[in-house]
Amino acid sequence: MKIIKTPEEFKAVRKTLHGKKIGFVPTMGGLHEGHLSLIKRAIRENEVSVVSVYLNPTQFNDKKDLETYPANFDDDCALLEKAGVDYLFAPTYPVMYPDDYAYMLTEKVFSKELCGAKRPGHFDGVLTVVMKLFNIVRPTRAYFGEKDYQQYRLLDGMVKAFFMDVQLVPCPIVREANGLAISSRNRKLSPEGLKKAPRFHEILAGGGSEAEIAKKLEAAGFKVDYVTKKEGRLYAAVFLEDVRLIDNIEA
């Protein structure tokens, strides 16, 4: 696996890959089985695989959340090497934001709802950094987990709005045997919290109105951010031990 740290270096490599199908998985590190499922698919469906590891500060509206994000670069590198990834793109903030985030990409409607309603600027940061990564990597296909389904929808809209030549591939949520959606943030939970967390998905999947589901979640010890049905999908975000968890199911 070759580690690349600047757009200029990657663009030089990209010229040698002309005509090859490139599968890309953008990540913020803290890699787990959910990421691995995307990576394995990217390797399987393309001739060249690229993963980025970049903890993007512009999508964090809570500085504490950024500072405590559970990621270890050496562990991530070892995992990617073992998986058989061809290229790891691992830039720094000055590399990704030479303008110091003076320019950004904004969506004006859906990004203000659900997670965006309580996390101002979050999706501006997501859309901006992924646009930059797409411009650098120029992948054939890019793979995103459906756990962040709002994010996937917004990125899909961005690709269509700007006529970008990349196919987005949504991938099913990877869950623990107990139903909990696998997430880097799960590592921030105590053993007691990890025992309680699976109730989140269990209650979502149990049916009922948004108000009924929210009431059950509160009774189970979660602090509810939102429970919202929208266009055939039930979205929810909760806090457990000050750790924010999200999930969604078809509704």
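For the structure itself, consult the block above.
On a predicted model such as this, the values are computed, not experimentally measured, just so you know. (Residues numbered from 1 in each chain as written. Predicted model: local features only at pLDDT ≥ 70, side-chain atom pairs only at ≥ 80, totals over all residues. Heavy atoms only, no water.)

Student: Would you explain helix 4 (residues 73-83) in this entry?
Tutor: Think of an α-helix as 3.6 residues a turn; residues three or four steps apart then line up on the same face. By the burial criterion, the buried members of helix 4 are D76, C77 and L80. For helix 4, the buried positions fall inside an angular range of 100° around the axis, keeping them on one side. Exposed residues lying more than 90 degrees from the buried face of helix 4 are D74, D75 and K82. Where the residues of helix 4 are buried, they touch strand 1 (2-4), helix 2 (33-45), strand 3 (48-53) and strand 4 (87-89). Among the residues of helix 4, the N-terminal cap falls to N72, whose side-chain oxygen and the backbone nitrogen of D74 are separated by 3.1 Å. Positioned one or two residues after helix 4, G84 has a phi angle of 95°, which is positive. (Buried < 20%, exposed > 50% of the residue type's maximum accessible area, 1.4 Å probe, protein only. Helix = DSSP H or I, 4+ residues; strand = E, 2+ residues; numbered from the N terminus. Arc of directions from axis to C-beta. Contact = heavy atoms within 4.5 Å. Polar contact = N/O pair within 3.5 Å; in protein donor to acceptor, adjacent residues only side chain to side chain.)

Student: For this particular structure, what's the right way to read the pattern of salt bridges?
Tutor: For side chains bearing opposite charge, pairing can occur when the charged atoms are close. Per the stated rule, a full pass over the model turns up 14 salt bridges. With a shortest N-O distance of 3.1 Å, E113 and K230 are connected by a salt bridge. With E113 in the loop between helix 5 (93-96) and helix 6 (115-118) and K230 in strand 7 (residues 223-230), this residue pair connects regions lying 117 residues apart in the sequence. The class for K230 is partly exposed, based on a relative accessible area of 22%. The closest approach of N and O atoms between D225 and R244, which form a salt bridge, is 2.9 Å. Linking D225 in strand 7 with R244 in strand 9 (residues 243-250), this pair joins segments that are 19 residues apart in sequence. One exposure class covers both D225 and R244, and it is buried. A network of salt bridges, in which partner residues are shared, links D65, R185 and K188. (Salt bridge = Lys/Arg side-chain N within 4 Å of Asp/Glu carboxyl O.)

Student: Hey, could you run me through the nonpolar core in this one?
Tutor: A general trend in soluble globular proteins is that nonpolar side chains are found buried together. Counting residues in hydrophobic clusters, the biggest one holds 43 residues, and the most contacted among them are F134, M158 and L168. Listed by contribution, the elements that provide at least two residues to this core are helix 1 (7-15), strand 2 (22-27), strand 3, strand 4, helix 7 (122-137), strand 5 (141-145), helix 8 (149-161) and strand 8 (233-240). Beyond its immediate stretch of four places on either side in the chain, M158 contacts L105, L127, V130, M131, F134 and M164. With 20 residues, the next largest nonpolar core counts I213, A214, V224 and L245 among its residues. (Core = buried A, V, L, I, M, F, W, Y, C linked by side-chain atoms within 4.5 Å.)

Student: Could you clarify how one ought to interpret the pairing of strand 6 (residues 167-171) in this entry?
Tutor: A regular strand places its side chains so that they alternate between the two faces of the sheet. Where strand 5 lies against strand 6, 5 bridges are found, and the strand directions are parallel. Across the sheet, the residue bridging to Y143 is V169, located in strand 6. Each parallel crossover has a hand, and for strand 5 linked through helix 8 to strand 6 it is right-handed. (Pairing = 2+ DSSP bridges. Right-handed = clockwise from strand over helix to strand, strands pointing away.)

Any link to function would need more than the numbers given here.
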